[in-house]
Structures are given as structure tokens and as C-alpha cells.
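In case you want the letters, here they are:
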Amino acid sequence: MGGLLYIKTREYTGNIVIAAFLYGISMVFISYFNFFLYTSKVCVLFDEWKRKGRLHISIRLVLGYLANVLGAYVIALLFKIAIDMPDFVQDLSDIRLNAEWYELIIRGFLCGLLIYFGGKAYNKFTNDLPKLVIIFLCVGCYITCGFDNSIVIAFYFSFLDNIFVSIPSLLLITLGNALGGLVIPALDIVLTKFNEL
């Protein structure tokens, strides 16, 4: 729903920033109801490995990712049938399809980093208002800056005539999301081990 809200808000207002911040509504629901979202779950991968075991959590992460992508494709298909999409939706995909491989990884990395920081801050707050603010700030920031969330981009790729051409780009963005979401936890582990020497 967030993807459609972004598209329609941008279509009606012509304002990317307003559309980006309104997209945060979808993340509010995901966070409050604790729905599985790959780009959030990958950020806590190391903690989950400690608690539940690597194999179980890794399989769950891969299956959850595939379910997220499939869900994005199905929702987009329904929207394609029922709602007229503006021309710039094709541009959202073309930008990613024409980007260099390292650009996709970097854009995914920066998004993953913002999601990591947003998740850490969200979990530290006990009051709902700061939680809402941090969600809207992080989501609005990564979308306005042009960083890529693999699940969001899967939604946009769904509007292509041939979605299969988007798979390499989507996998590079997914890799970037994982690297961005895991870099701080990885550094924390390394520094902890170094301090134990």
C-alpha cells in the first residue's frame, strides 16, 4: 500500500518529499504489527543467530524475503488491473535497470543503514510519538535521497512488461540492504572481540 500511496501522492502533488514521508504510513503498520519485512529483519540477523540458531534464522530470512517480493508483485498486479499508473512509474524502474551494479549496492547499502538506525531508535523509545517520528524521518529520508529498499523496488519493478529483466538489479539492491543493515552490528562484534583480548 505504501508504494501506491507514494505513486499517487507524487502524481497528485508533484512533490517527491511529501510522497516519501507519507510512504512511512506503511512502515508504521509493519512496525506496530511486527510484520515480517526483509529489510528490517536483516538488520537483526546476528542477534537472531545467537538466540535461535543460524540455519533456522537464515532459512526464515530467505523465505521471508521471497514472500515479501512475491507479495509486492501480487499487490502491484492488482493495482495494475484496477488503477491507472502515471508515466513516471516506468522511470522508477528504468533508473535502477540502467544503473551500474555498484550504484545499486550503494543505494541499497545506504537504505539498509537508515533502516538499521531507525530500528535501533524505534526499539529504544517507550513512547509512541517518538517511534512514529523516527519511522517517518528514516523512511522519508531514504526515499527522498533516492536510496533503495529492495521490497519497495520489487513493487516498482512489478509494473514492467518483463519483470525478469529486473532480477539482477533487485538482487544487487538486496545485497546492499543486507550490507547496510549489518555493517554496524558486524563492527560491534569485531570491537567487542577486540576489547576482550
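Since we're looking at a predicted model, the values are computed, not measured.

How each quantity is defined
- Residues numbered from 1 in each chain as written.
- Predicted model: local features only at pLDDT ≥ 70, side-chain atom pairs only at ≥ 80, totals over all residues.
- Heavy atoms only, no water.
- Patch = residues over 30% accessible without salt bridge, like charges linked within 9 Å, V, L, I, M, F, W, Y side chains within 5 Å.
- Areas by Shrake-Rupley, 256 points an atom, 1.4 Å probe, with all protein chains shown as cover.
- Salt bridge = Lys/Arg side-chain N within 4 Å of Asp/Glu carboxyl O.
- Helix = DSSP H or I, 4+ residues; strand = E, 2+ residues; numbered from the N terminus.
- Buried < 20%, exposed > 50% of the residue type's maximum accessible area, 1.4 Å probe, protein only.
- Expected span 1.5 Å × (residues − 1).
- Contact = heavy atoms within 4.5 Å.
- Polar contact = N/O pair within 3.5 Å; in protein donor to acceptor, adjacent residues only side chain to side chain.
- Axes fitted to C-alpha atoms, helices over the stretch in contact; angles between N-to-C directions.
- Parallel < 35°, antiparallel > 145°, perpendicular 65-115°, else oblique.
- Nonpolar A, V, L, I, M, F, W, Y, C, P; charged D, E, K, R; others polar.
- Disulfide = S-S within 2.5 Å.
- Arc of directions from axis to C-beta.

Chemist: Lay out a nonpolar patch on the surface in plain terms, naming residues and giving numbers.
Modeler: Together, Ile-18, Leu-22, Ile-25, Phe-29, Tyr-32, Phe-33 and Phe-35 line one region of the surface with nonpolar side chains, adding up to about 660 Å² of accessible area. Locating Ile-18 in the fold gives a position in helix H2 (residues 16-32). Classification of Ile-18 as partly exposed rests on a relative accessible area of 42%.

Chemist: Could you give an account of unusual backbone geometry, naming the residues involved and the relevant values?
Modeler: For Asn-34, which is not glycine, the phi torsion reads 55° and is therefore positive. Of note, Asn-34 is situated in the loop between H2 and helix H3 (38-41).

Chemist: Residues and numbers for helix H8 (residues 128-144), please.
Modeler: The first and last C-alpha atoms of H8 sit 24 Å apart over 17 residues, in line with the 24 Å expected at 1.5 Å per residue. Along its buried surface, H8 packs onto helix H1 (2-13), H2, helix H7 (101-124) and helix H9 (150-157). The N-capping residue of H8, defined by a side-chain oxygen 2.9 Å from the backbone nitrogen of Leu-129, is Asn-127. Downstream of H8 by a residue or two, Gly-146 has a phi angle that is positive, lying close to 85°.

Chemist: How would you summarise the packing of helix H4 (residues 45-52) against helix H5 (residues 54-82) if you had to cite specific residues and measurements?
Modeler: Contact geometry of H4 with H5 gives a least axis separation of 7 Å together with a crossing angle of 135°. Considering the angle they form, H4 stands oblique to H5. Residue-level inspection shows Leu-45, Glu-48, Trp-49 and Lys-52 of H4 in contact with H5, the latter providing Arg-54, His-56, Ile-57, Ser-58 and Leu-61. Classifying every residue of the contact of H4 with H5 gives 4 nonpolar, 2 polar and 3 charged.

Chemist: Any chance you could break down the state of the cysteines for me, citing the residues and the numbers?
Modeler: Enumeration according to the criterion identifies 0 disulfides in this entry. Here Cys-43 stays unpaired: no disulfide links it, and the sulfur of Cys-111, its closest cysteine neighbor, is 8.7 Å away. On the basis of relative accessibility, which here comes to 7%, the residue Cys-43 falls in the buried class. A disulfide-free cysteine, Cys-138 has its sulfur positioned 7.1 Å from the sulfur of Cys-141, the nearest such atom. On the accessibility criterion, Cys-138 (13% relative accessible area) is buried.

Chemist: Describe the environment of Ile-167, listing the residues and the values that go with them.
Modeler: Position of Ile-167 relative to the elements: it lies in helix H10 (residues 167-196). A sequence separation of 13 residues divides Ile-167 from Ala-154, and the C-alpha atoms of the two residues are 8.9 Å apart.

Chemist: Which residues make up helix H6 (residues 88-97), and what are the values?
Modeler: Those residues of H6 not exposed but buried are Phe-88, Val-89, Leu-92, Ser-93 and Arg-96. Taken end-on, H6 shows its buried residues confined to a sector of 160°, consistent with a single buried face. Those residues of H6 that are buried lie in contact with H1, H7, H9 and H10.

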